[in-house]
Amino acid sequence: MPIIGVYDWSAVSIPAALTPDHRDTDLDANDPGALNYDPSSPSWIGQTYTYTGAGPVHLKVIDDDGMLEDNNAETGAMAVLAEDVTLNGVTYAAGSTVYSEFSLVDGSGAEVWIITIDGTNVGFSPQVPYYYVPKGATFYPKASSDVALNSSSTGDTNTVAYAGVVCFTAGTMIDTPSGPVPAERLGPGDLVRTLDHGAQVLRWTGARRVTLGRFPNRNRPVSFAPGSLGGGWPRRTLVVSPQHRVLLRGGEVRRSFGVDEVLAPAIGLTDLPGARVLHGRSGATYVHLLLAHHEVLIADGAPCESLHLGPMTRRALGNSLPPGLRHERPARPLVTCAEAARHARRLRKRARKAQAVIGLCDVTV
């Protein structure tokens, strides 16, 4: 079931030229570059839209073809809401029609879809890779796409696969001083709770969308069932990128590594009971949380690392990172994938032996 992230009009500063009536009912962008441009009406093009920092509303959609389309382009059944949802103070009931009325395109080719429910334009849905658009981010469209090609200055339609808009899975819940918050809702300046140093300020956040397809892919996420990391960790199913490190502690860790606690990459722990690679996913969005120092956060009730600014991370993220920020040392000793895998295999073997003993004790003669 597709889930579309929609920023309703309370989450976007709309230029004054677009009255509430135009905002809610326009059927196209009135693009100066399109054939049907009307100079007597306001245009959605050449205007600056500013995100206020409010989060998106999640629309669960039932559709038969995997495409977000204009209602005039729909060839199958119309997409409808799977459950009630409230946007702009109005509640739309399950079964209401959902479609993309038109889209706006900036100079880089980034696209935002205008989402319409039962004939009313309800908000923006930006394209991936971003889960959450931070406060103050702006969007300045220079062109538009529309199923009615005389309204489209790009010559393209606004039809798109659901994977091309901000589609959400259940967010990883990060502990903050005010309670757990989905990772995608956090931004620079927000406080998160760390295991060692209490509340700390996020210096930078980012996200990237990874397309996985049907074939083997080293970027596939790893899932940990509740309790699979020991000590009751995580409290709920935790899904992380394969190289993301989780904290391991206890006597078995000391036997394996000679220290009480280590940070181990998730992909090295898939032999643990309850841990597995998610092979069935076609894509994943990974959210990055950066602090002044490498720290241990609590994610879905499990201690996991914040973004570590090692050499590979700095090369990968480059100029997008805050200038001058360096991590002198990791929050815990780091172990390799191979070392983590040996530890996980040993624990799995011990668990099987223990289960075998329990089974023998259950035998009655």
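Just so we're clear, the structure is a prediction, and the values are computed from it rather than from any experiment.

A few words now on the environment of Thr48. If you trace the backbone, Thr48 turns up in the loop between α1 (20–25) and β3 (49–51). Along the chain, Thr48 and Phe139 lie 91 residues apart, while their C-alpha atoms are 5.8 Å from each other.

Another point: the sheet that holds β3. Taken together, 3 strands build an open sheet; the order of strands is β2-β3-β12 and the sheet is antiparallel. Of all strands in the sheet, those bounded by a partner on one side alone are β2 (12–13) and β12 (138–139). With 2 bridges joining them, β2 and β3 adopt antiparallel strand pairing. Paired with Val12 across the two strands is Tyr51, which belongs to β3.

Okay, the pairing of strand β9 (residues 98–106) next. Two faces make up the sheet, and in a regular strand the side chains alternate between them. In terms of burial, β9 is a largely internal element, 9 of the 9 residues being buried. Pairing of β9 with strand β10 (residues 111–117) involves 7 bridges; the strand directions are antiparallel. Bridge pairing in β10 places Phe102 opposite Ile114. Counted along the chain from β9 to the antiparallel partner β10, the turn is 4 residues long, and its residue Gly109 has a positive phi close to 95°. Here β9 runs beside strand β13 (residues 141–145); their pairing, made up of 4 bridges, is antiparallel.

The 7 strands lie next to each other as β6-β4-β1-β11-β10-β9-β13, forming an open sheet whose pairing is antiparallel. Where the open sheet ends on each side, the last strands, each with one partner, are β6 (80–81) and β13. Note that strand β1 (residues 3–8) and strand β4 (residues 57–62) share 4 bridges and pair antiparallel. Looking across to β4, one finds that Ile4 is bridged to Leu59.

Now for the packing of aromatic side chains. Under the counting rule described, the total for this entry stands at 7 aromatic pairs. Here the aromatic rings of Trp9 and Phe124 are separated by 5.7 Å at their centres, their planes lie at 75°, and the arrangement is edge-to-face. Linking Trp9 in the loop between β1 and β2 with Phe124 in strand β11 (residues 120–126), this pair joins segments that are 115 residues apart in sequence. In this structure, Trp9 and Phe124 share a single accessibility class: buried. For the ring pair Trp44 and Tyr49, a centre distance of 6.4 Å and an interplane angle of 20° mean the geometry is stacked. On the basis of relative accessibility, which here comes to 0%, the residue Trp44 falls in the buried class. Here a set of aromatic residues connected by ring pairs shows up, and it is made of Tyr7, Trp9, Trp44, Tyr49, Tyr51, Phe102 and Phe124.

Turning our eyes to something else, we now look at the environment of Arg332. Here Arg332 lies in the loop between α3 (311–317) and α4 (337–361). Residue Arg332 is classed as buried on the basis of its relative accessible area of 13%. With 70 residues separating them in the primary sequence, Arg332 and Val262 have C-alpha atoms 5.5 Å apart. Sequence-distant contacts of Arg332, that is, excluding residues within four places in its chain, are made with Leu195, Asp196, Leu247, Glu261, Val262, Leu263 and Val296.

Glancing now at the side chain of Asn158. Within the secondary structure, Asn158 is located in the loop between β13 and β14 (160–161). Within the local environment of Asn158, its side chain forms a polar contact with the backbone oxygen of Ser100, the two atoms lying 2.8 Å apart. Of note is the side chain of Asn158, whose polar atom sits 2.9 Å from the backbone nitrogen of Val147. Setting aside residues up to four positions removed in sequence, Asn158 forms contacts with Leu68, Asp70, Ser100, Glu101, Phe102, Ser103, Trp113, Ser145, Asp146 and Val147.

Neither face of strand β26 (residues 302–305) is exposed, since Ala302 and Cys304 on one face and Pro303 and Glu305 on the opposite face are all buried. Here strand β25 (residues 296–299) pairs with β26 via 4 bridges, running antiparallel. Bridge pairing in β26 places Ala299 opposite Ala302. Taking the residues that link successive antiparallel strands as the turn, the β25-β26 hairpin has 2 residues, and the phi of Asp300 there is positive, at about 50°.

Nonpolar side chains tend to gather and get buried jointly when the protein is soluble and globular. The biggest cluster of nonpolar side chains holds 34 residues, and the ones touching the most others in it are Phe224, Leu229, Leu238 and Leu269. Non-local contacts of Phe224, meaning those with residues more than four positions away in its chain, are made with Leu229, Pro234, Arg236, Thr237, Leu238, Val240, Val246, Ala266, Leu269, Gly274 and Ala275.

Averaged over all residues, the pLDDT of the protein is 83; the fraction at 70 or higher stands at 87%. For the stretch residues 166–170, pLDDT sits under 50, and the model shows 22 contacts to residues farther than four places along the chain or on other chains. A low-confidence stretch, residues 356–365 (pLDDT under 50), is modelled with 0 contacts involving residues beyond four sequence positions or located in other chains.

Right, let's talk about the pattern of salt bridges for a bit. Inspection of every chain in the model, using the stated rule, returns 11 salt bridges. One salt bridge connects Asp300 with Arg236, and the closest N-O pair in it is separated by 2.5 Å. One end of the pair, Asp300, is in the loop between β25 and β26; the other, Arg236, is in the loop between β19 (222–224) and β20 (238–240), and 64 residues separate them in sequence. Residue classification places Asp300 among the buried positions, given a relative accessible area of 5%. The exposure class of Arg236 is partly exposed, given its relative accessible area of 36%. The salt bridge partner of Asp260 is Arg254, with a shortest N-O separation of 2.8 Å. A relative accessible area of 41% places Arg254 in the partly exposed class. Where salt bridges share partners, they join Asp196, Arg249, Glu261 and Arg332 into one cluster.

Each value, and the rule that gives it
- Residues numbered from 1 in each chain as written.
- Predicted model: local features only at pLDDT ≥ 70, side-chain atom pairs only at ≥ 80, totals over all residues.
- Heavy atoms only, no water.
- Helix = DSSP H or I, 4+ residues; strand = E, 2+ residues; numbered from the N terminus.
- Pairing = 2+ DSSP bridges.
- Buried < 20%, exposed > 50% of the residue type's maximum accessible area, 1.4 Å probe, protein only.
- Phe/Tyr/Trp six-rings, centres within 6.5 Å; stacked < 30°, edge-to-face > 60°.
- Contact = heavy atoms within 4.5 Å.
- Polar contact = N/O pair within 3.5 Å; in protein donor to acceptor, adjacent residues only side chain to side chain.
- Core = buried A, V, L, I, M, F, W, Y, C linked by side-chain atoms within 4.5 Å.
- pLDDT = per-residue confidence, 0-100.
- Salt bridge = Lys/Arg side-chain N within 4 Å of Asp/Glu carboxyl O.

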